[in-house]
Amino acid sequence: MKAVSDLPQGYIERERIDFKHNRKLFWILNSAAVLLLPCFGVSFLLIAVSLNPHLASSGSFESRGWSIVIGIVLLVLSCIVCMIVHELIHSLCFWLFTGSRPHFGFKWLYAYASAPNWYIPRGPFLFVGLAPFVCLTLLGIALLPFVSAGISLLLCCLLTAHTMGCVGDFYVVIRLLMASSGLLIRDYGDGMAFYAHA
Ligand SMILES: [Zn+2]
C-alpha cells in the first residue's frame, strides 16, 4: 500500500493524536521524558565511556579547560541544530514516501515537519517516526570514539536531550504498532489522524 492524497473509499477517521490541544497527553509525555532522563543519560554515558576511554579519566568540562557556562551554551546551540536536523529527517522521509514537498516550519521555539495532504500507510509512517532517532543516535555514537572527552560529554548530554525529545515519536510508534495494518495516517502538524476501513 502506498501513500495517497485522497482518502480511499470506505475509510473513516478512527482516532486522533492531538499534541497541541490534548493537555493531558502533553503532560504525560513530558513527565515520561523527565522520568526516563536518568535511564537515557546513564545509557549514553556508559556507551561513551566504553567508546572513549579519555572520558572516564578526565570526566568534566572544567577539567578540559571549559567553563560550565560555555558547556551549557554549546549544549543549547547544539540542541537547536539537532531539533532542526531531526525535523529535516522527518521531512525527507515524508518526501520519500509521498513524492511531494512536505510542510516544514517553525512555531515559537520548535520546528515541525508534516504532510497534511497525504494519507500514509502504517509501515512507512513507522519509518518516518523512527528515522530521526535512529539516524541521529547512530551518528552521535559513531562520533564518540573520535572526539575529546569534553565533546564526548557534550555529545552524551545532546543524545540524552534528543532522546527525551523523541518521546512523542515513540508514543506514536507504540500506538501504530498496536493498531491494525490497514491503517492510513495523516500528519497535520499539530498531531495526526488515523483512518481505517469502516
Ligand atoms: Zn520527531
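Preceding block: the structure.
Bear in mind that the values here come from a model prediction, so they are computed numbers and not experimental data.

**Considering helix α3 (residues 68-98)**
- When the terminal C-alpha atoms of α3 are compared, their 45 Å separation across 31 residues agrees well with the 45 Å that a helix rising 1.5 Å per residue should span.
- By the burial criterion, the buried members of α3 are G71, S78, C82, H86, E87, I89, H90, S91, C93, F94 and T98.
- Looking at the buried residues of α3, the elements they touch are β2 (103-107), β3 (110-121), α4 (122-143), α5 (149-165), α6 (167-178) and β4 (184-187).
- Phi for G99, located one or two positions after α3, is positive at around 70 degrees.

**Things to note about the coordination of the zinc ion**
- Bound to the zinc ion on the protein side are H86 (NE2), H90 (NE2), D169 (OD) and D169 (OD), at distances that span 2.1 to 2.7 Å.
- Coordination at the zinc ion is irregular: its four donor atoms span angles of 52 to 146 degrees at the metal.
- All donors of the zinc ion come from a single chain, and their spacing in sequence reads H-x3-H-x78-D. Separated by four residues within a single helix, H86 and H90 lie in helix α3, roughly one turn from each other. Grouping residues by exposure puts H86 and H90 together as buried.

**Topic: the pattern of salt bridges**
- Tallied over the entire structure, the rule returns two salt bridges.
- We note a salt bridge from R16 to E13, for which the minimum N-O separation is 2.7 Å.
- Overall, R16 belongs to the partly exposed group, its relative accessible area being 39%.

**So, the packing of aromatic side chains**
- The tally for this structure, following the rule as stated, stands at six aromatic pairs.
- Residue placement shows R23 over the ring face of F26; its charged tip is 4.7 Å from the ring centre.

Here is what the cut-offs are and how they apply
Residues numbered from 1 in each chain as written. Predicted model: local features only at pLDDT ≥ 70, side-chain atom pairs only at ≥ 80, totals over all residues. Heavy atoms only, no water. Helix = DSSP H or I, 4+ residues; strand = E, 2+ residues; numbered from the N terminus. Expected span 1.5 Å × (residues − 1). Buried < 20%, exposed > 50% of the residue type's maximum accessible area, 1.4 Å probe, protein only. Contact = heavy atoms within 4.5 Å. Donors = N, O, S within 2.8 Å, 3.2 Å for Na, K, Ca; no water. Tetrahedral: all angles 85-135°; square planar, octahedral: opposite > 155°, others 65-115°. Salt bridge = Lys/Arg side-chain N within 4 Å of Asp/Glu carboxyl O. Phe/Tyr/Trp six-rings, centres within 6.5 Å; stacked < 30°, edge-to-face > 60°. Lys NZ or Arg CZ within 6 Å of the ring centre and 35° of its normal.

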